[in-house]
Amino acid sequence: MSQSSPAPPSRPCTALVTGASTGIGAEYARRLAQRSYSLVLVARRAELLEALAEDLRVRCGVDVEVLPADLGSAEDTERVAERLRVEPGGDLAPVDLLVNNAGRGDGGPFIEQDPDDVDAMIDINVRSVLHLTRAVLPVQMARRKAGATGGLGVITVSSLAGEPVVNPGGSVYGAGKKFLTLWSESVAAEVRPAGVSMTVVLPGFVRTDMTRGVQERGLPEAAFVPKEHIVRDSLIAWAARRPRVVPGIQYKTGDGILNLLPRWLVRALARRMA
């Protein structure tokens, strides 16, 4: 009597997280590992990635790849993009979830910013995000068309810094984040019919290395949203296929009020605060 072959075991989902060595990126890695995701961790500092990877392997029993890369470098960005283009059937697992978290937060009056720093910030905050997302989406859409189940898509960490109509002292950073938000919500509408989910996250202030200067100036505790809440809210929003999420009740309220204020009033307030 013939016997049917047992079904192959289902593989765990795989997430690639950029800027994973510290802060919000490391928290994404921890939370996804707790959900049994295999991980590909990307950041410049290999030693921090290795330490986090080993901790997650031991604590959560998941597979973790370490991919050191500087996303301000076109060559390194392409190496990560190649990992994102991996299709099913090979030695490496395809990426189910890309988390675009890496970023750089230089500020100050525009005419005082070093042009090389401006270029580097645009490369990391904008260009690398577009290149990496462009690499993974066609694979995810083809997989869905071939019958793949489960969540497929992209989470991109933007910022509320891009939402005011003017941002003195943060013109390049804010403009880059506004670009990410508009771009992500637009592409989310394009890929949704194909069963792929894109969510853009707009945090306010978070206690990370990027906001160390603000922290040292004594910003009130109520101004900060814990990174754990950022990650939790964004993963919930992504699973629900929501294109946009603003974590933290204080920032949800502020974002709503900002959208109601006349543009001339926001400009006037910004001039007084500049």
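Predicted model only: the values in this text are computed from it and were never measured.

**Details of the overall build of the protein chain**
Inference 1: Scanning the protein chain from terminus to terminus reveals nine helices and seven strands.
Inference 2: A burial count over the protein chain gives 44% of its 274 residues as buried.
Inference 3: Summing over all exposed atoms, the protein chain offers an accessible surface of approximately 14,300 Å²; the carbon and sulfur share of this is 56%.

**Some words on helix α7 (residues 227–239)**
Inference 1: Over its 13 residues, α7 runs 18 Å from end to end, which matches the ideal 18 Å to within 8%, given 1.5 Å per residue.
Inference 2: Taken residue by residue, α7 has Ile-230, Val-231, Asp-233, Ser-234, Leu-235, Ala-237 and Trp-238 as its buried positions.
Inference 3: Of the residues flanking the end of α7, it is Arg-241, one or two places downstream, whose phi is positive at about 65 degrees.

**Digging into the side chain of Thr-18**
Inference 1: Within the fold, Thr-18 resides in strand β1 (residues 14–18).
Inference 2: Reaching out from Thr-18, the side chain makes a polar contact with the backbone nitrogen of Ala-102 at a distance of 2.9 Å.

**Focus: unusual backbone geometry**
Inference 1: Despite not being glycine, Ser-36 shows a phi value in the positive range, around 70 degrees.
Inference 2: Secondary-structure assignment places Ser-36 in the loop between α1 (23–34) and β2 (38–43).
Inference 3: Located in the positive-phi region is Arg-241, a residue other than glycine, with phi close to 65 degrees.
Inference 4: Examined against the element boundaries, Arg-241 turns out to sit in the loop between α7 and β7 (244–245).

Conventions used here
- Residues numbered from 1 in each chain as written.
- Predicted model: local features only at pLDDT ≥ 70, side-chain atom pairs only at ≥ 80, totals over all residues.
- Heavy atoms only, no water.
- Helix = DSSP H or I, 4+ residues; strand = E, 2+ residues; numbered from the N terminus.
- Buried < 20%, exposed > 50% of the residue type's maximum accessible area, 1.4 Å probe, protein only.
- Areas by Shrake-Rupley, 256 points an atom, 1.4 Å probe, with all protein chains shown as cover.
- Expected span 1.5 Å × (residues − 1).
- Polar contact = N/O pair within 3.5 Å; in protein donor to acceptor, adjacent residues only side chain to side chain.

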